[in-house]
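Inside the fold
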Amino acid sequence: MRELLCLNDLKFNEYGYIYDINCDDGVKKRLLDLGLVKDTCIIPILKSPSSGIKAFDIRGSLIAIRDEDSNLINVYKK
Amino acid sequence: MGLTKSSTGTNLLNSNVQYLKNENGFTVALAGNPNVGKSTIFNSLTGLHQHTGNWPGKTVSNATGSFDYLDTNFLLVDIPGTYSILSSSQEEDIARDYICFGNPDVTVVVVDATCLERNLNLVFQIMEITDNVIVCVNLLDEAKKKHIDIDLDLLSNMLGVPVCGTIARKKSTLDNLIDVIYKVCKKEIIPTPKKITYLPIIENSINLLEDKLKTLFNFPSNLYRWISLKLLENDKKIVDSIEKNLDVNFTNDNKLLNLLDNLNNNLDDSRVNKTNFRNIITSSIMKQAEKICNKVCTFENKGYSVRDKKIDKILTSKTFGIPIMLLFLGGIFWITIVGANYPSSILFSFFGYIQENLIDFANLLNCPTWLSNMLILGVYRTLTWIISVMLPPMAIFFPLFTFLEDLGYLPRIAFNMDGFFKKCCCSGKQMITMCMGFGCNAAGVTGCRIINSPREKLIAILTNCFVPCNGRFPFLITIATIFIAGNIQGFTGSIISTMAVLFVILLGIFMTLIISKILSKTILKGMPSSFVLELPPYRKPQFGKILVRSIFDRTLFVLGRAICVAAPAGLVIWIFANVGINGDSLLNIIANFLNPFANLMGLDGYILVAFIFGIPANEIVLPIILMCYLGNGSLVDLDDTFAIGNILVQNGWTILTAINVMIFTCLHFPCTTTLLTIKKETGKWKWTILSFVIPTVCGIALCMFTTFVYNIFVTF
């Protein structure tokens, strides 16, 4: 079994792959719209100076997600 | 959405263009993800000036324009950008409703060549609704820079629809697109989209439901499959929208409900249920998208650009992120203050010279004095003051601000500030709407549509006028230059005025946060809802276009609006200043009445009168103050801003007055246009009144506070 960790704990510039998304419905839908389905590669890139939000590379674009949501997303490493 | 004739002012109030149809030709919808250059394509094709900018969500309502090709007229509809037609925010609802039910002759889906994979998601979704789809692969120049090569023919084969490659900024690359649009409309090319095939169990259910629907309802033939899919998914929002737009009611039919129940039970047995349905659907689409991309694209580096990453590391760094932001803002103000002084004084002397000649001319014609005074000292003088005070700062400020906007910096500001907004239980996107407020609060209020949560949207609307719009900027700058910098000339002086203006802006932002927090804890209770924000790649702004656009579309437009309001206002003020009872002018009577209260705020009655008269447009506050002071006919030559200062000082202005005027300029009731826009956006007078009361109370309280503190200092 692959080891799971939450997206917020993934280190910067480290590759993670989506396992599941347990955010509330609205965010979950939005993330799906952005193509964040199972096994999608996601890489933490930036952290906001006012903290609480990080930006991730998802399919070549930069998407900011708040920590409380990235805490609810599980990823695995390859 | 930015500031153009169609996006600011009262035009915002009647922009309901949801179901547009070209009677004499064809209707073409322009859809796509946010920030892929739809508006740029729209502008190139129609020659219109829909405002473009490098951030998601600047188009928040449908815009239309038309163009002719060969013998045919095309109506182009620019739809707000959307990631998906299964939308979540208001501007995306607008997009979805048009794509699904607007029934255009052809839908052009603009996709970003640099992240094709994600963009194909929307393409597949739209292909489920209509066959007449053209895919326009835009931003090929950026893709080339990232060494991404796309085989357009192969893409077209794999999707089954025509594909055009474009570089929207280069107009010539659009010729092919126009030609294909023409051919599809004329049925010379018939697209045959290759739709996604879902899991067999889902496909079976779709087929059964589709057959049932066909016996029950009479929909456009292409919609049955899509509606079946949406009924199975049972997303209330979309089903509601289908019912509303096609005027049907699914819950009335028991047979349909039974079938739906059975199908859902079957799906449930195969572990397809409400919670993962959407996930399964999107996975199928994304798998297909990945497959296509792997075949048609050749990458050297797939990810987010290395150059952008370096810039972002600095602009959002813990140490430099916020200081750099302030530096940018301060830099813009400084250039504006330094640059605006000189042209301002030239304009003052020029209009002053004409004024003298006008008076001579009026005397020559034996024009009655009251009439010539009313027209020249009332209307003409107010008008020219507005032009002299406002034109130079705006002509400098707007291009600079547009530059930041085009660069893609605004979403970074939102990203940097999000932590503060989260603490106040609102959305970081509010910062973007505040930046729009710098241009025009009415546009800022409409821009709040990009915020998903209704609660946070309302907070953003109510607090939008805490950021001073361009109508108030020149006023702030003038006062800062005269009083705060005072006699300190040159570089130091300009720095001091910049700091003063920056301070007022920061005060506005600070108040926004505080009020947002208070609202979140009282009448608009709630936790911060989560949100997802795309930070677009940096793009090199086009200097020529920025200049033309910001001067013509923004500066002249805003100035025009100010002038339209100022002329009648000048007249009214002149009448108020010169008509009176018992030798006391009406203006004096009102001002004297307000004076005791105004004194508590460290202002005088005339200033309050000016703010009240300035409700139609904030731009006219300073001219009205001057009119009030000079109202009774005394003619003063105004050479430059410092002459204004002298008049103000003669009428008892101190540093305290200046500070309080600046505070009150930042914190007072919004103008009529903004109020009407708020009424339209919120739909309730309650919120409109609140948006009037909140900043006014804040302004009054703060002014009283500074006066109190100042008096203590003076006394001791």
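Residues numbered from 1 in each chain as written. Chains lettered and ligands numbered in written order. Predicted model: local features only at pLDDT ≥ 70, side-chain atom pairs only at ≥ 80, totals over all residues. Heavy atoms only, no water.

As summarised here, the arrangement of the 7 strands in space is S1(A)-S6(A)-S2(A)-S3(A)-S4(A)-S5(A)-S9(B), forming an open sheet in which the pairing is antiparallel. In the strand order of this sheet, the two ends are held by strand S1 (4–6) of chain A together with strand S9 (532–535) of chain B, each with one partner. Between one strand and the next, the sheet's axes are offset by a mean angle of 45°, whatever the strand orientation. Bridging between strand S2 (residues 16–21) of chain A and strand S3 (residues 41–47) of chain A involves 2 bridges; their strand directions are antiparallel. Bridge pairing in S3(A) links Gly16(A) to Ile42(A). (Pairing = 2+ DSSP bridges. Helix = DSSP H or I, 4+ residues; strand = E, 2+ residues; numbered from the N terminus. Axes fitted to C-alpha atoms, helices over the stretch in contact; angles between N-to-C directions.)

As a further point, take the confidence of the model for chain B. Counting all residues, the mean pLDDT for chain B is 85, and 92% of those residues have values of 70 or more. Here residues 1–18 of chain B scores under 50 on pLDDT; set against residues more than four positions off or in separate chains, the count is 53 contacts. (pLDDT = per-residue confidence, 0-100. Contact = heavy atoms within 4.5 Å.)

Residues and elements named next belong to chain B. A surface patch of like charges, here positive, comprises Lys145, Arg169, Lys171, Lys540 and Lys545. Locating Lys145 in the fold gives a position in helix H4 (residues 140–145). Take Lys145: its relative accessible area is 66%, and that puts it in the exposed class. (Patch = residues over 30% accessible without salt bridge, like charges linked within 9 Å, V, L, I, M, F, W, Y side chains within 5 Å. Areas by Shrake-Rupley, 256 points an atom, 1.4 Å probe, with all protein chains shown as cover. Salt bridge = Lys/Arg side-chain N within 4 Å of Asp/Glu carboxyl O. Lys, Arg positive; Asp, Glu negative; His and termini not counted. Charge placed at Lys NZ, Arg CZ, Asp CG, Glu CD. Buried < 20%, exposed > 50% of the residue type's maximum accessible area, 1.4 Å probe, protein only.)

All right, on to the nonpolar core then. Residue and element names in this part refer to chain B. If you look at the biggest cluster of nonpolar residues, it comprises 132 residues, and the most contacted ones within it are Ile625, Leu648 and Trp653. Element by element, the count of residues in this core is highest for helix H14 (residues 369–407), at 16 residues. Once residues lying within four places of it in the same chain are set aside, the contact partners of Leu648 are Ile479, Phe483, Ile625, Leu626, Tyr629 and Trp653. Judged by nonpolar contacts, the second largest core, of 71 residues, contains Ala29, Leu116, Ile129 and Val248. (Core = buried A, V, L, I, M, F, W, Y, C linked by side-chain atoms within 4.5 Å.)

A regular strand carries its side chains on alternate faces of the sheet. Residue and element names in this part refer to chain B. Among the 6 residues in strand S5 (residues 133–138), 6 count as buried, and that is most of the element. Alternating positions in S5 separate into two faces, Val133, Val135 and Val137 on one and Ile134, Cys136 and Asn138 on the other, with burial throughout. In the sheet, strand S4 (residues 106–112) pairs with S5 via 6 bridges, with the strands oriented parallel. Bridge pairing links Thr107 to Val133 in S5. Bridging between S5 and strand S7 (residues 163–165) involves 3 bridges; their strand directions are parallel. Bridge pairing links Val135 to Val163 in S7.

In terms of domains, chain B is made up of domain 1 (9–185), domain 2 (200–271) and domain 3 (321–525 + 542–715). Inter-centroid distance (C-alpha atoms) of domain 1 of chain B to domain 3 of chain B is 38 Å. (Domains from an automatic or database assignment.)

The next point concerns helix H1 (residues 25–33) of chain A. All names here are of chain A. For H1, the complete set of buried residues consists of Val27, Lys28, Arg30, Leu31, Leu32 and Asp33. One side-chain oxygen at the N-terminal end of H1 lies 3.1 Å from the backbone nitrogen of Gly26; it belongs to Asp24. Positive backbone phi, at 85°, marks Gly35, one or two positions downstream of H1. (Polar contact = N/O pair within 3.5 Å; in protein donor to acceptor, adjacent residues only side chain to side chain.)

Bringing the interface of chain A and chain B into the picture now. Every contact between the two is made by 34 residues of chain A and, on the other side, 49 residues of chain B. Each partner contributes to the roughly 3,500 Å² buried at the junction of chain A and chain B, and carbon and sulfur atoms together form 54% of this total. When the buried surface of chain A facing chain B is broken down by residue, Arg30(A), Pro49(A) and Arg66(A) rank first, second and third, together holding 21% of it. Taken together, the connections running from chain A to chain B amount to 7 salt bridges. Between Lys29(A) and Asp235(B) there is a salt bridge; the shortest N-O distance is 2.9 Å. Joining chain A to chain B, the criterion identifies 20 residue pairs in polar contact (both at pLDDT 80 or more). When contributions to the side of chain A that touches chain B are tallied by element, the ones reaching two or more residues are H1, S3, strand S4 (53–58), strand S5 (61–66) and helix H2 (67–70) of chain A. Sorting elements by how many residues they give to the side of chain A that touches chain B places H1(A) first, with 7 residues. Partitioning the side of chain A that touches chain B into residue classes produces 14 nonpolar, 8 polar and 12 charged. (Buried area = accessible area lost by both parts, 1.4 Å probe. Nonpolar A, V, L, I, M, F, W, Y, C, P; charged D, E, K, R; others polar.)

With that settled, consider the sheet that holds S4(B). Residues and elements named next belong to chain B. Across the sheet, 6 strands lie side by side as S2-S3-S1-S4-S5-S7; this open sheet has mixed pairing. This sheet does not close on itself; its edge strands, each paired only once, are strand S2 (63–69) and S7. The average undirected angle you get between the axes of adjacent strands in this sheet is 25°. Summarising the sheet, S2 and strand S3 (residues 72–78) pair through 7 bridges and their orientation is antiparallel. Looking at the pairing, Asp68 lines up with Asn73 of S3. In this fold helix H3 (residues 116–127) packs onto strand S1 (26–32), S4 and S5, with an angle of close to 165° to the strand it touches most, S4.

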